Amino acid sequence: MDADTTVTLTDPMDFKVEELLKEVHFARTPAITKLVDDTVSAIRKSISKIPDAFPVTADLAPGFVRDIGADKVEFKFNKPKTFKIGGSYSINCVVKPAVNVDLFVGLPKECFHEKDYLNHRYHAKRCLYLCVIKKHLKSSPSFDKVEWSAMQNEARKPVLVVYPAVKSVEAPGFFVRIIPTAASLFNIAKLNLKRNNVRAFNQVTCVLNYPEDGIPRATPKYNSSILEDMFLEDNAEYVEKTISRWKELGEALILLKVWARQRSSIYVHDCLNGYLISILLSYLVSLDKINNSMKALQILRVVLDFIATSKLWNRGLYFPPKGQIGVSKEEKLQYKEAFPVVICDPSAQVNLAFRMTSVGFCELQDEAASTLQCMDKCGDGGFEETFLTKIDFPAKYDYCVRLNLRGHTEVHALGFCLDDECWRLYEQKVHSLLNQGLVDRAKSIRVTWRNSPSEWNIENGLAVLDREPLLVGISVSSLEKLFRIVDIGPNAEKKEEALRFRKFWGEKAELRRFKDGTIAESTVWESEQWTRHLILKGIIEYVLLRHLSLSKENVVQIVDQLDFSLLHGAKDLVSFSASLLEAFEVLSKRLHLIEDIPLKISSVQPLDSDFPSFCCAIILEGSGNWPMDHVAIEKTKSAFLIKIGESLQNRWGMTCSATEDDADIFMSGYAFRLKILHERGLSLVKSENGNKAKRVYSTDKMLFIRGQHASMINGLQGRYPVFGPVVRFLRLLAEYDWTFSALVIDINNDFGPEDFKLINDNFVSSRKASEENVQNVNPALFLATAYDKASEAWTTCSPNFTELKRLVAYARSSANLLTKLILEDQTDSCRWECLFRTPLNNYDAVVLLHRQRLPYPRRLLFPSEVNRGRHVARVNASKAFGPFLVPEEMKGSSEEVKNKMMVDFDPLRCFVGDKEYSNKLKLWYDSLGGDAIGLTWERVGSKIGVESFVSVQNALVGVRIRRLATANGGSKLVGHLFVNSTAAGQGAFVNAFHPIPTVFKN
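Treat the numbers as computed from the prediction; the structure is a model and nothing was measured.

What counts, and at which threshold
- Residues numbered from 1 in each chain as written.
- Predicted model: local features only at pLDDT ≥ 70, side-chain atom pairs only at ≥ 80, totals over all residues.
- Heavy atoms only, no water.
- Phe/Tyr/Trp six-rings, centres within 6.5 Å; stacked < 30°, edge-to-face > 60°.
- Helix = DSSP H or I, 4+ residues; strand = E, 2+ residues; numbered from the N terminus.
- Buried < 20%, exposed > 50% of the residue type's maximum accessible area, 1.4 Å probe, protein only.
- Lys NZ or Arg CZ within 6 Å of the ring centre and 35° of its normal.
- Expected span 1.5 Å × (residues − 1).
- Contact = heavy atoms within 4.5 Å.
- Pairing = 2+ DSSP bridges.
- Axes fitted to C-alpha atoms, helices over the stretch in contact; angles between N-to-C directions.
- Salt bridge = Lys/Arg side-chain N within 4 Å of Asp/Glu carboxyl O.
- Polar contact = N/O pair within 3.5 Å; in protein donor to acceptor, adjacent residues only side chain to side chain.
- Parallel < 35°, antiparallel > 145°, perpendicular 65-115°, else oblique.
- Nonpolar A, V, L, I, M, F, W, Y, C, P; charged D, E, K, R; others polar.
- Core = buried A, V, L, I, M, F, W, Y, C linked by side-chain atoms within 4.5 Å.
- Left-handed = near helix turned anticlockwise from the far one by under 90°.
- pLDDT = per-residue confidence, 0-100.

1. Observations regarding the packing of aromatic side chains
How two aromatic rings sit relative to each other is given by the distance of their centres and the angle of their planes.
Right, so step 1: Under the counting rule described, the total for this entry stands at 31 aromatic pairs.
Right, so step 2: With a centroid separation of 5.8 Å and an interplanar angle of 35 degrees, the aromatic rings of F112 and Y122 are classed as tilted. Taken together, the positions of F112 in the loop between β4 (100–106) and α5 (121–138) and Y122 in helix α5 put the pair 10 residues apart, joining distant regions of the chain.
Right, so step 3: By relative accessible area, which is 11% here, F112 ends up buried.
Right, so step 4: Look at Y122 and you get buried, because its relative accessible area is 0%.
Right, so step 5: The side chain of R28 reaches across the aromatic face of Y89, ending 4.8 Å from its centre.

2. A few points about helix α9 (residues 274–286)
Right, so step 1: Compared with an ideal rise of 1.5 Å per residue, which puts 13 residues at 18 Å, α9 spans 19 Å between its outermost C-alpha atoms and is within 8% of the ideal.
Right, so step 2: Across the 13 residues of α9, 11 count as buried, placing the element largely inside the fold.
Right, so step 3: In this structure, the buried side of α9 is in contact with α7 (232–243), α8 (247–261) and α10 (296–309).
Right, so step 4: At the C-terminal side of α9, D288 shows a positive phi close to 65 degrees.

3. Observations concerning the side chain of S265
Right, so step 1: Structurally, S265 can be placed in the loop between α8 and α9.
Right, so step 2: Those residues in contact with S265 that sit more than four places away from it in its chain are E363, E367, F393, K396, Y397 and R446.

4. Remarks on α8
Right, so step 1: Between its first and last C-alpha, α8 extends 22 Å over 15 residues, near the 21 Å set by a 1.5 Å rise per residue.
Right, so step 2: Counting buried positions along α8 yields 12 of 15 residues, so the element is predominantly enclosed.
Right, so step 3: Listing the buried residues of α8 in full gives L249, G250, E251, A252, L253, I254, L255, L256, K257, V258, W259 and A260.

5. Some words on the sheet that holds strand β6 (residues 154–164)
Right, so step 1: In space, the 5 strands of this open sheet follow the order β3-β4-β7-β6-β5, with mixed pairing throughout. Two strands in the sheet have a free side with no partner beyond their single neighbour: β3 (82–86) and β5 (143–151). Strand-to-strand twist across the sheet, computed as the mean angle between neighbouring axes with direction ignored, equals 30 degrees.
Right, so step 2: Bridge count for β4 against strand β7 (residues 175–181) is 7 bridges, and the pairing is parallel. When the bridges of β7 are listed, N100 appears paired with F175.
Right, so step 3: In the packing of helix α6 (residues 220–230) onto the sheet, contacts are made with β5, β6 and β7, and the angle to β6 comes to roughly 30 degrees.

6. Details of the pairing of strand β29 (residues 932–937)
Right, so step 1: Buried residues dominate β29, accounting for 6 of its 6 residues.
Right, so step 2: Bridge count for strand β26 (residues 845–849) against β29 is 4 bridges, and the pairing is antiparallel. Within the sheet, the bridge partner assigned to L848 lies in β29 and is A932.
Right, so step 3: With 5 bridges connecting them, strand β28 (residues 921–925) and β29 associate as antiparallel partners. Counted as the bridge partner of L921 is W937 from β29.
Right, so step 4: Taken together, β28 and the strand that follows it, β29, pair antiparallel across an intervening segment of 6 residues, in which G929 is found at a positive phi of about 145 degrees.

7. Remarks on the sheet that holds strand β12 (residues 510–513)
Right, so step 1: With antiparallel pairing, 3 strands are arranged side by side in an open sheet as β11-β13-β12. The sheet terminates laterally at β11 (486–491) and β12, the two strands that pair on one side only. In this sheet, adjacent strand axes meet at a mean angle of 45 degrees when their direction is disregarded.
Right, so step 2: Here β11 pairs with strand β13 (residues 519–524) via 4 bridges, running antiparallel. Counterpart to N491 in the pairing with β13 is A520.
Right, so step 3: Along the sheet, helix α17 (residues 495–505) contacts β11, β12 and β13; its crossing angle with β13, the most-contacted strand, is approximately 15 degrees.

8. Comments concerning the environment of L137
Right, so step 1: Tracing the sequence through the fold places L137 in helix α5.
Right, so step 2: In this structure L137 comes out as buried when scored by relative accessible area, which is 1%.
Right, so step 3: Distance in space between the C-alpha atoms of L137 and I43 is 7.1 Å, their sequence separation being 94 residues.

9. Observations regarding the pattern of salt bridges
As a working rule, side chains carrying opposite charge can pair if their charged atoms are close by.
Right, so step 1: On inspection of all chains with the given rule, the structure shows 51 salt bridges.
Right, so step 2: Taking the shortest distance from any N to any O, the salt bridge between R66 and D67 comes out at 3.1 Å.
Right, so step 3: The class of D67 is buried, set by a relative accessible area of 11%.
Right, so step 4: The salt bridge partner of K134 is E459, with a shortest N-O separation of 3.6 Å. Taken together, the residues K134 in helix α5 and E459 in the loop between β9 (442–448) and β10 (470–476) connect sequence positions 325 residues apart.
Right, so step 5: A residue is classified by how much of its surface remains accessible, and K134, at 8% relative accessible area, is buried.
Right, so step 6: Linked by salt bridges that have partners in common, R126, E154, R156, K157, E228, D229 and R355 make up one network.

10. Looking at the environment of D466
Right, so step 1: Within the secondary structure layout, D466 lies in the loop between β9 and β10.
Right, so step 2: With 59 residues separating them along the chain, D466 and G407 place their C-alpha atoms 7.1 Å apart.
Right, so step 3: Once residues within four sequence positions are removed from consideration, D466 is found in contact with L405, R406, G407, H408 and W449.
Right, so step 4: In terms of polar contacts, D466 uses its side chain to reach the backbone amide nitrogen of G407, at 2.8 Å.

11. Brief notes about the packing of α17 against helix α18 (residues 535–548)
Right, so step 1: Remark: α17 packs on α18, axes separated minimally by 9 Å, with the N-to-C direction vectors making an angle of 90 degrees. Between α17 and α18, the crossing angle belongs to the class labelled roughly perpendicular. Along its contact with α17, which presents R502, K503, F504 and W505, the element α18 presents I539, Y542, V543, R546 and H547.
Right, so step 2: The residue makeup of the contact of α17 with α18, split by class, is 5 nonpolar, 1 polar and 3 charged.

12. Notes on the nonpolar core
Right, so step 1: Counting 166 residues, the largest nonpolar core has I290, V430 and L462 as the members making the most contacts within it.
Right, so step 2: Apart from the residues lying within four places of it in its own chain, the contact partners of I290 are W246, L249, L281, L284, V285, I299, V302 and V303.

13. Looking at the packing of α8 against α10
The angle between the axes and the distance between the axes are what describe a pair of packed helices.
Right, so step 1: Here α8 crosses α10 at 55 degrees, and the two axes come no closer than 8 Å. Between α8 and α10, the interaxial angle falls into the category oblique. Where α8 crosses over α10, the handedness of that crossing is right-handed. Contacts between α8 and α10 involve E248, L249, E251, A252, L255, L256 and W259 from the former and A296, L297, I299, L300, V303 and L304 from the latter.
Right, so step 2: Of the residues assigned to the contact of α8 with α10, the class counts are 11 nonpolar, no polar and 2 charged.

14. What to know about the pairing of strand β14 (residues 555–558)
Right, so step 1: Of the two faces of β14, both are covered, the one formed by V555 and Q557 as well as the one formed by V556 and I558.
Right, so step 2: Both strand β8 (residues 399–403) and β14 contribute to a ladder of 4 bridges, which runs antiparallel. Bridged to R402 within β14 is V556.

15. Things to note about the confidence of the model for the protein
The predicted coordinates should not be examined in detail at positions where pLDDT is low.
Right, so step 1: Considering every residue of the protein, the mean pLDDT works out to 85; 85% of them sit at 70 or more.
Right, so step 2: Segment residues 940–971 is flagged for pLDDT under 50; beyond a separation of four residues in sequence, or across chains, it makes 60 contacts in the model.
Right, so step 3: For the stretch residues 981–1002, pLDDT sits under 50, and the model shows 39 contacts to residues farther than four places along the chain or on other chains.

Structure follows, in structure tokens:
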């Protein structure tokens, strides 16, 4: 889209944007204005009490002065020459929840020498000046606390964070940032990009791989750090004049801030911040790319499009000159040589994007392009995805790595601050190593290190700024490249390249001859099939440990922490895939060879991959002789299945068990369940108890849907081979507006306007029936796919509103826990396994099942434990049923053994399927292998009387424990029943259960 293009907005989108602005905008109410004015006045009053000519020495912050390598830092204190409110508050664009005001404090020229731009003297005096102010502010009763922070994570440029003693309900957590400015403090020519103003920088030339040619190395970042302070007030004034020209500019700035803050990979020190956004917006206004006829959302689109596609970035962004000579070509060339990204301020004296890296800018362009694409293709203009969806490291990247570098002195071995700070140099080093080690396996690598903790005593120096972990996010390129075992390096004849390769890889490098006769350097990463996803982990670990002198414990990779949940026995399920697919291929070939049935089998389609059983749909060749009646069709299919089973048994000696609905085929340790899919059945719909409102698909329709779903998932896996961040799914489940929005799943981008209209009509129709009672919404989850645009396949019966509410709560808590585990080093009990432990205290009663009677005991990750409540019932397990055939059961004829085998038998399903008490109890259970059933009372009101508890316990104990606990004619599944001690009426349970011998009271 061209940057000048405007977009016509629909009323619903305008309404959503308007509501968002109301929600996030920190408005200047009379109370807020008074709070700000009073706080700033109190700050000025406290500073005014500082005596003039007060001697200031390095003793106020000895650690800071020492670590930045400054000398000659003594001066006599003079009061600030100016106080001015700047930042977002000055333009009425403060965005919640960060409620703060920037107070610019003009540093007096008398405190500085004309050569204090050298060797971090300015930075040292700047810090000492703030130390004096902090000391006096802390002694004032007007302030609750005064803390240190850093300007854009630059440790050598600290700022003061002042919290007033008076608290406001409208502005919880309000604070004022005191930011020093340095207008006209130094000769600008002395801070030219080509000059070296840090003499120590020349002493590390060889270490930083610069040629030793005797020429002093320029310090453009250091120089820009000072220039930024010198022009801070002027640039803030320019932004204020621009943004205040019309309301929509301010609204667009707020929207852009909301958009950026949701994306932690770009709203960070080496990329974007609110100040740069306002400068960029002002720049586009100066070019007339934005005009006063545009709405806020249109302006946002223009800015995003400019970020993503403009070619002006190649030469740098420079404000148009006004009555003066603009930036010369030579100066522009200097800027581009010194910085990867240039956004020159209106004075053309400082590059305001001097902290932005090339990697950060690429991330910014990618996010801008993705957002525009989302706004064009997603429903409602992509409002949810653009402004309300959090895209942080855990959600964005396939692999996350955390480096714990506390006490790692190698980080600052060359000094804390030279031209750039040591933490930024270390970020670049880690990125370079991983980029070289992963080559084309990684599509993008992002490295960030936040080193400005909230509680920081700057007086003690900079060594403590390694407490936060360094974070690495990696997006993989393709499945083929990711799982590659051999990396081929340079040809053996290229001596210099081969030498560099061996130097980088060390003992891992080896010379190999390949099939095409090539002899080249290579690295080999041996791996089993089901551990291929760990190849990347091995490479990362090897590279970082080899080149950074780190221990294994300091490199935490988020990749295999949840693998334990996928194990079947001692192996991953993928390890069985080869034998399973081989067995399926053999079965499919044999089915095609069957000739003694009226219609040949034309195709065999797998429907799922549920180990150890496998369901397949058989499609017969076409014929016009099929009956028209639904029942007759099903009987005919049953006859075919019986005949197919006989043929397989007679010709190949395969064990088969056929019923009216399907045929189970046993081979190679797997059970294949065969079903027949007939196209005529797709159009038939069977009714249930005459209830026309509840649509139930025919058997063929369900088979067709399962086949379509399997194909869709396989296609999705091909496009997105690694879906590491489970947090994406959990957040979608937790944050999506299921009540008022349909979730459209268009994996292949097949939907057109007519499809979206049909889906919307279907969704609106499903909601009309529940307009008066939202809790009766059906389906509660509306999932529209290419094969199911009315959400009838999966969510018609469940979950209902109550189930969805609980599901959303669990998803939200799990997503928060998972995010915490990825980003932080956890030492408490909230570890990875907690994601799969359902808190049983959320239920009114809990039934524990006999684990040895579960159909799939190996799927049980953690035995359930009840540590609270009252134990009220116990039933012993029967020996009539077990999940495995023990050796003594294998005795007898093959027919007797076959009769003992059960496929897809689940006693838990039988147990919970009874409807006798469905109006009183709600059952919650894990159908994939859990050993507990949670029960909640179906409350009509907020109180439950004793009589209700008595009737419920009678239904449960009298019917279920003594009768229905025996599933399938003899296998007792229930072990224990616990009642939550917090449930009202628990005494009724104890009294009512008393006649049963197995009941006792703890």
